[in-house]
Structures are given as C-alpha cells and as structure tokens.
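What follows is the residue order along each chain.
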Amino acid sequence: MIREYRSKDYNFNFDTDTGYFERWGETLEDDPEVAPAPEILDIEIASGYCKGNCPHCYKANSLDQSIHFMPFNTYKKLFDIINTPVLTQIAFGITDIDANPYFWDIMQYTKDHGVIPNYTTNGIGVTEEIATKTASLCGAVAVSVYNGKKEQAYEAIKRFTDAGMTQVNIHFMLAEEPLPLAVEVLRDIKTRPELAKLNAIVFLQYKDKNPDANFHNVSFIHFKQIVEHCLNTGIRFGFDSCSSAMFMKAVSHRQDAIELIKSVDNCESTLMIFYINANGYG
C-alpha cells in the first residue's frame, strides 16, 4: 500500500510493504530541509539489563543493571500526541525482547493506528513463535551482529525470513576494532544459507559515549573500503545518517556518484526524525 502526503512545500510517497520512501517539496527538484512533524520516531522502550552484555554498548546496557522499561500507558500517551499524518514508522529500541512486558501490546497499538512498527534485536531468544508474531506486526526488523554472538544472530535472521519477512537487516556497529568481523560478515552474506534472504547490512557509526568501551571510530580509508566492497560485489547495504558525510566523500570519485548521493539523507537532527528515551523524554 502507498501512503501519500501532500502540501505546498512538503510531499511524500511511502510504500508500507517495502519501506520505499520518496520526498519532495514544491516541485520534484526541491528537497525539503524539514518535515512538518516527525516522519519516523526512534523510541527506546527498554534499557539497562541486557543479555547481550556488549562491552562497547554506547548505552552501557549490561548484565549488572536492572531493567527499565516504558509502561504501555506512557507509550500510548506519547503516541497519541505525536501521531500525525506525516508519521510513517516507529523504530523501537529494546535490550532483550522480553525486557518490556508490553512489547507486543506496543507493536499492536502502533500498527492498529496506521503506523509501521520496526525494531532492532540482539537475536537472543528469537523463537519461531516470536518470528511469526514479528512478521504479522512489523514492517522490518534488524538483528545486531557482534563478536561472539554471530551465530545466534544468523539463526534469528533465518527465523525471521522463514516467517516470510522480506525486510530483515543486519545492524553492524562500525569501528576500528570490529573491522575483521565486518569483513567476515560481508563474506558470510555471500556464502551462508541463513543469510540467503537477508535484505541488507546497515552500518552504524560508533558513538563514543561509553567510557569502558575503548573502541575507536573507523577511519575514512577503512570506511571507504567497506563501501567499495559492497558496491563492487552487489551486497545491499545502508548506513545511519551519522555516516552520510563519510559516505558521500567515499563515493565522490565514482561515475555513479550523483545517483548514489541522491539516496542519502543527511543528519536529520530532529528535522525529520525524533528520539524518545525509555523515560519518555526526547
């Protein structure tokens, strides 16, 4: 189904099945710098305790913390305030899927009100039942791949795709230290049967907010090598808006640079997307 929004200087078409989104202003050549309301919400509905226990987590979620989750009534109040004809999707941030007891209620409420729910998971505890329920409610799901947890992530990806989901992505936090794993995952995308129906790998820029992580931002040379490898081998890939400047620089020398850069959304900084934490604050 195609959702449309029309106004004098801001317009879009959004395919609710594939996630394809196109935006323009007063004419097709105009690129609006701000939306009249958030197009996408990024809502954290659980934080603290996490079975993933990744040492580099920029939220510093770990096994030695208590779970903090957003109550269902809080979510409904926020959603009812922010939901507008412009809102198309909500990306939910969680720790473990069972960290928020209202997780499925939140997904259902979102879908029932015409907005597509998506979420990112560490892949832990993704059963066939969870995959089937996710496929019935969500437009997309991302599975994070980290050192020591690759196999469980691949198993989760296969369960989601076996359940019929076509928009299943890998989220990979790109820094200097996990570069060997990134190369390994790119090779696996071409060879591992569990990833045969993967949609894309999405690279996330490392955020140096956890003093215990001791990770370092990826160099431009290594970032460019990753981009070139994906383009040359036909691996579908994406990146967060924090990486947009590096991506545009990395492809600027290519003959198809103009076409590639057309697909880039620069850092929105609340101009198109809004973030809300588990306490209900933006």
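Residues numbered from 1 in each chain as written. Predicted model: local features only at pLDDT ≥ 70, side-chain atom pairs only at ≥ 80, totals over all residues. Heavy atoms only, no water.

Looking at unusual backbone geometry
Here is the rule: When accessible area is computed with a 1.4 Å probe and restricted to protein chains, residues below 20% of their type maximum are described as buried, those above 50% as exposed, and intermediate ones as partly exposed.
Even without glycine at this site, Asn53 takes up a positive phi of about 50°. For Asn53, a relative accessible area of 34% translates into the label partly exposed.

Quick look at the pairing of strand 1 (residues 2-5)
Put simply, side chains in a regular strand alternate between the two faces of the sheet. Condition: Secondary structure elements are defined from DSSP: runs of H or I of at least 4 residues count as helices, runs of E of at least 2 residues count as strands, and each element is numbered from the N terminus. For two strands to be treated as a pair, DSSP must find no fewer than two bridges joining them.
Burial along strand 1 is one-sided: Arg3 and Tyr5 are buried, and none of Ile2 and Glu4, which face the opposite way, are. The sheet contact formed by strand 1 and strand 2 (residues 11-15) spans four bridges and is antiparallel. Among the inter-strand pairings, Ile2 is bridged to a residue of strand 2, identified as Asp15. Counted between consecutive antiparallel strands, the loop separating strand 1 from strand 2 contains five residues.

Looking at the pairing of strand 9 (residues 140-144)
Selection criterion: Crossover handedness is defined by viewing with both strands directed away from the observer: a clockwise path from the first strand over the helix to the second marks the crossover as right-handed.
For strand 9, a buried count of five out of five residues is recorded, marking the element as mostly surrounded by other parts of the structure. Residue alternation in strand 9 divides its side chains into two sets, Ala140, Ala142 and Ser144 and Val141 and Val143, and both sets are buried. Note that strand 8 (residues 116-121) and strand 9 share four bridges and pair parallel. Residue pairing for strand 9: Thr121 is matched across the bridge by Val143. Note on the crossover from strand 8 through helix 3 (residues 128-137) to strand 9: the handedness is right-handed. Here four bridges tie strand 9 to strand 10 (residues 168-174), and the two strands are oriented parallel to one another. Paired with Ala142 across the strands is Asn169, a residue of strand 10. As for the winding sense of the linkage, the β-α-β connection from strand 9 through helix 4 (residues 150-162) to strand 10 is right-handed.

A few points about the packing of aromatic side chains
Applied cut-off: Ring geometry is summarised as follows: Phe, Tyr and Trp rings, the Trp one being its six-membered ring, pair when their centres sit within 6.5 Å, and such pairs are stacked at plane angles under 30 degrees, edge-to-face over 60 and tilted between the two. In this scheme, Lys NZ or Arg CZ marks a charge over a ring once it lies within 6 Å of the ring centre and within 35 degrees of the ring normal.
Summed over the entire model, instances satisfying the criterion amount to 18 aromatic pairs. Ring pairing ties together the aromatic residues Phe69, Phe72, Tyr75, Phe79, Phe92, Tyr102 and Tyr109, which thus form one cluster. Against the face of Phe72 rests Lys76, its NZ or CZ located 4.7 Å from the ring centre. One cation-aromatic arrangement involves Lys249 over Phe220; the distance from NZ or CZ to the ring centre is 4.5 Å.

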